[in-house]
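Geometric and topological summary
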Amino acid sequence: MKIFYWAVAIAIALTILAVLFVPGVDDLVEQLLQRYLVRAAR
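Okay, so let's go over this structure. (Residues numbered from 1 in each chain as written. Predicted model: local features only at pLDDT ≥ 70, side-chain atom pairs only at ≥ 80, totals over all residues. Heavy atoms only, no water.)

If you tally the helices and strands in the protein, you get 2 helices and 0 strands. Viewed in the frame of its principal axes, the protein has a C-alpha envelope of about 30 × 30 × 5 Å. Counting over 42 residues, the protein shows a buried share of 2%. Accessible surface, the protein: about 4,200 Å² in total, of which carbon and sulfur atoms supply 72%. (Helix = DSSP H or I, 4+ residues; strand = E, 2+ residues; numbered from the N terminus. Buried < 20%, exposed > 50% of the residue type's maximum accessible area, 1.4 Å probe, protein only. Areas by Shrake-Rupley, 256 points an atom, 1.4 Å probe, with all protein chains shown as cover.)

Now for the environment of V29. Here V29 is to be found in helix α2 (residues 25-41). Given the relative accessible area of 21%, V29 is considered partly exposed. When the C-alpha positions of V29 and T15 are compared, they lie 8.2 Å apart, and in sequence the two are 14 residues distant. Those residues in contact with V29 that lie beyond four places of it in its chain are T15 and V19. (Contact = heavy atoms within 4.5 Å.)

Put into C-alpha coordinates, the structure is as follows:
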(Lines give C-alpha, C1' and ligand atoms only; values in the text may rest on other atoms or scores of the structure.)
Protein backbone atom coordinates (compact mmCIF):
# COMPACT_ATOMS: atom_id res chain seq x y z
CA MET A 1 0.00 0.00 0.00
CA LYS A 2 2.94 2.32 0.65
CA ILE A 3 4.03 1.92 -2.97
CA PHE A 4 0.60 3.10 -4.11
CA TYR A 5 0.82 6.25 -1.99
CA TRP A 6 4.33 6.96 -3.24
CA ALA A 7 3.18 6.50 -6.83
CA VAL A 8 0.29 8.92 -6.29
CA ALA A 9 2.59 11.47 -4.67
CA ILE A 10 5.08 11.22 -7.54
CA ALA A 11 2.31 11.53 -10.14
CA ILE A 12 0.97 14.66 -8.42
CA ALA A 13 4.45 16.18 -8.17
CA LEU A 14 5.17 15.48 -11.85
CA THR A 15 1.82 16.97 -12.84
CA ILE A 16 2.52 20.14 -10.85
CA LEU A 17 6.00 20.49 -12.39
CA ALA A 18 4.63 19.91 -15.89
CA VAL A 19 1.92 22.54 -15.39
CA LEU A 20 4.47 25.04 -14.13
CA PHE A 21 7.14 24.53 -16.78
CA VAL A 22 5.57 23.05 -19.93
CA PRO A 23 3.31 25.35 -21.96
CA GLY A 24 -0.06 23.90 -22.90
CA VAL A 25 -0.08 21.16 -20.28
CA ASP A 26 -2.33 23.18 -17.96
CA ASP A 27 -5.11 23.11 -20.56
CA LEU A 28 -4.74 19.35 -20.95
CA VAL A 29 -4.84 18.77 -17.18
CA GLU A 30 -7.89 21.03 -16.85
CA GLN A 31 -9.67 19.13 -19.63
CA LEU A 32 -8.94 15.77 -18.03
CA LEU A 33 -10.14 16.95 -14.62
CA GLN A 34 -13.36 18.36 -16.08
CA ARG A 35 -14.07 15.06 -17.88
CA TYR A 36 -13.49 13.16 -14.64
CA LEU A 37 -15.72 15.48 -12.61
CA VAL A 38 -18.54 15.33 -15.15
CA ARG A 39 -18.35 11.55 -15.18
CA ALA A 40 -18.29 11.43 -11.35
CA ALA A 41 -21.28 13.78 -11.08
CA ARG A 42 -23.54 11.46 -13.09
